[in-house]
Each structure stands twice: as structure tokens, then as C-alpha cells.
Amino acid sequence: MDLTYVYAVGDAAPPDLAGLTGIGGRPVHTVTGGDALWAATGTVPESDFGESALTARLEDLTWLATTAREHHAVVDALGARTVVAPLALATVYRDDDRVRAVLTERRTAFAEVLDRLRGRTEWGVKAYATPRPEGRDAGRASSGAEYLRRRRRELDRVAGDDDAAHAAAQRLHEAAARAAVTTRRHRLHAPALTGRTEPMVLNGAYLVDDADRDTWRAAVAGAADGAGLTVEVTGPWVPYSFVEEER
């Protein structure tokens, strides 16, 4: 048995989805409802996306990565053509009729989200501390007490560098936020996830008016200059981080 998987919701004329495929290589089609709303959907097997099966599947990192990649590819393709509100990964319903009912039941909420995202895109800023070379006291410690004093000085230096990096990251975030419509601070990732040795000190998402993107980028560049951080700016993206109101 198949279920209906929903990628995103829109309210303008649905784009041509011919040739667009999603989860499992299955074609994407639209379901309309709730007045002018439509949902980009596809079919998925209940054996993978039924409630009990999905709980186990989400523990399979290989399956999860593939599914997330296919989901985001559809949303990105839609976002390049029109304004959409992306739904969370693995949003499934019993069938197309249930999707139509949801579009009708939640038409006001969907309309508000689409109005909030219209003419805007998401940009990301990640910043990493740039550690100074490790300090070295000349010669060997003359005693255990001297070794402990040197060790304490080094720990204090590292702590001071960490405080300075976080303060610089906060100033960078504030500059990016002032030039944006709204922002989200995501959790910081450990080096095992970032693939970098430097600690992450900022992981921000910013909703930016398309007309102001050059101003926003200039604000970020100005704040990053001389901040002592390694800064990565990404985007523009479909505004995944801003579908829901900040709580």
C-alpha cells in the first residue's frame, strides 16, 4: 500500500512538475485544496513510511541521508520556480484526499506562512574560532609547581580565546540580524559533524528580503572583517528555518 508524501505547499499557479521525481525516484504531482493552495506530493510505500516502520527507518543513517537528499532536491526545485512553504522531512498522509482536507483545514496558517516568505530567502552564517598557536614556555619546568603554573596559564589563555571568539560571533550575528527580516540561532555542531578542527561559535539562519540581499551581505562582510573568525556564508536557500513562527 502507498501513502502520500508532502514536500511543500504553495499558493501561486502550480509550476510544471513534468520530469520531477522525489523519494525513491517516484514522480511528483500536485494536490489542490483550501481555495488557491496546492501541495507538491508523491507516493511512498507504507512499508517504509508507515508509523511503526518510520520509527525504525529514522535510525538508519544511510536511509535517512538518502531520503533527506531526495526531499530537499524536490523542495529546492520548487523554490527555484515559485514561493513554497517546505514541510518537514517524512510528512505523510493516508492519501490525496487527506492532503486536500489538510489544505482546507489549515488554509489560513499556510497563507500566513507563504505571505511571510514571499520575496525572501534564507541565508546562513557559520563562524569558527581561529585559535592562536599554542603558547610554549621556554625550557623545562623546574618543579611540579612550575609545571602546574604553566598549565594554568595555558588553560587561562585558551579560555580567554574562547570567550573572545564567542563575543566576536555575537557581534557578527547582531550585524547580520539587523540587516535581516528575522533570524534563527541553530545549535552549534561539534568538529565531528563540521569536518573542521576549529570550534564552531555561530550557526545562524537569516531571512532576508531579496531586494536587500546585497546590503545584508555587505553587513556580514563588514562585521566579519577583522573579527578573528573563519566565516562561511551560504545561500540563498528556500526558507526552511522560517516556516514556523519563532516560539
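Residues numbered from 1 in each chain as written. Predicted model: local features only at pLDDT ≥ 70, side-chain atom pairs only at ≥ 80, totals over all residues. Heavy atoms only, no water.

Caption draft 1: Region of interest: the overall build of the protein chain. In terms of helices and strands, the protein chain carries eight helices and nine strands. For the protein chain, the proportion of its 247 residues judged to be buried stands at 38%. Counted over contacts in the protein chain with a minimum sequence separation of 6, partners at least 24 positions apart contribute 74%. Split by element, the accessible area of the protein chain, about 13700 Å² in all, is 52% carbon and sulfur. (Helix = DSSP H or I, 4+ residues; strand = E, 2+ residues; numbered from the N terminus. Buried < 20%, exposed > 50% of the residue type's maximum accessible area, 1.4 Å probe, protein only. Contact = heavy atoms within 4.5 Å. Areas by Shrake-Rupley, 256 points an atom, 1.4 Å probe, with all protein chains shown as cover.)

Caption draft 2: Expanded view of the side chain of Thr-67. Looking at where Thr-67 falls in the secondary structure, it is placed in helix 3 (residues 61-79). Relative accessible area serves as the criterion here: at 4%, Thr-67 is assigned to the buried category. Residues within four places of Thr-67 in sequence aside, it is in contact with Ile-23, Phe-49 and Leu-89.

Caption draft 3: Just helix 3, in detail. Under the 1.5 Å per step criterion, the end-to-end length of helix 3 is 26 Å for 19 residues, consistent within 8% with the ideal 27 Å. Considered for burial, the residues of helix 3 that qualify are Trp-63, Thr-67, Ala-68, His-71, Val-74, Val-75, Ala-77 and Leu-78. If you check the start of helix 3, you find a side-chain oxygen 3.2 Å away from the backbone N of Thr-62, and it comes from Asp-60. (Expected span 1.5 Å × (residues − 1). Polar contact = N/O pair within 3.5 Å; in protein donor to acceptor, adjacent residues only side chain to side chain.)

Caption draft 4: Quick peek at the sheet that holds strand 6 (residues 120-129). Spatial ordering of the open sheet is given by 7-8-6-9, a layout of four strands whose pairing is antiparallel. At either margin of the open sheet sits one strand with a lone partner, and together these are strand 7 (182-185) and strand 9 (229-237). If you compare each strand with its neighbour and ignore which way they point, the axes differ by 20° on average. The pairing of strand 6 with strand 8 (residues 200-209) spans nine bridges and is antiparallel. Each bridged residue has a counterpart across the sheet, and for Arg-120 the counterpart in strand 8 is Asp-209. Running over the sheet, helix 8 (residues 213-224) touches strand 6, strand 8 and strand 9 and is turned about 10° from strand 6. (Pairing = 2+ DSSP bridges. Axes fitted to C-alpha atoms, helices over the stretch in contact; angles between N-to-C directions.)

Caption draft 5: Main features of the environment of Gly-19. Its place among the elements puts Gly-19 in the loop between strand 1 (2-10) and strand 2 (29-33). Considered as a pair, Gly-19 and His-29 are ten residues apart in the sequence and their alpha carbons are 9.9 Å apart.

Caption draft 6: Structural detail: the pattern of salt bridges. In the structure shown here, the tally under the stated rule is 13 salt bridges. As a salt-bridge pair, Asp-2 and Arg-26 come within 3.1 Å of each other at their nearest N and O atoms. Taken as a pair, Asp-2 in strand 1 and Arg-26 in the loop between strand 1 and strand 2 lie far apart in primary sequence, 24 residues in all. Of the residues examined, Arg-26 reaches a relative accessible area of 27% and is grouped as partly exposed. (Salt bridge = Lys/Arg side-chain N within 4 Å of Asp/Glu carboxyl O.)

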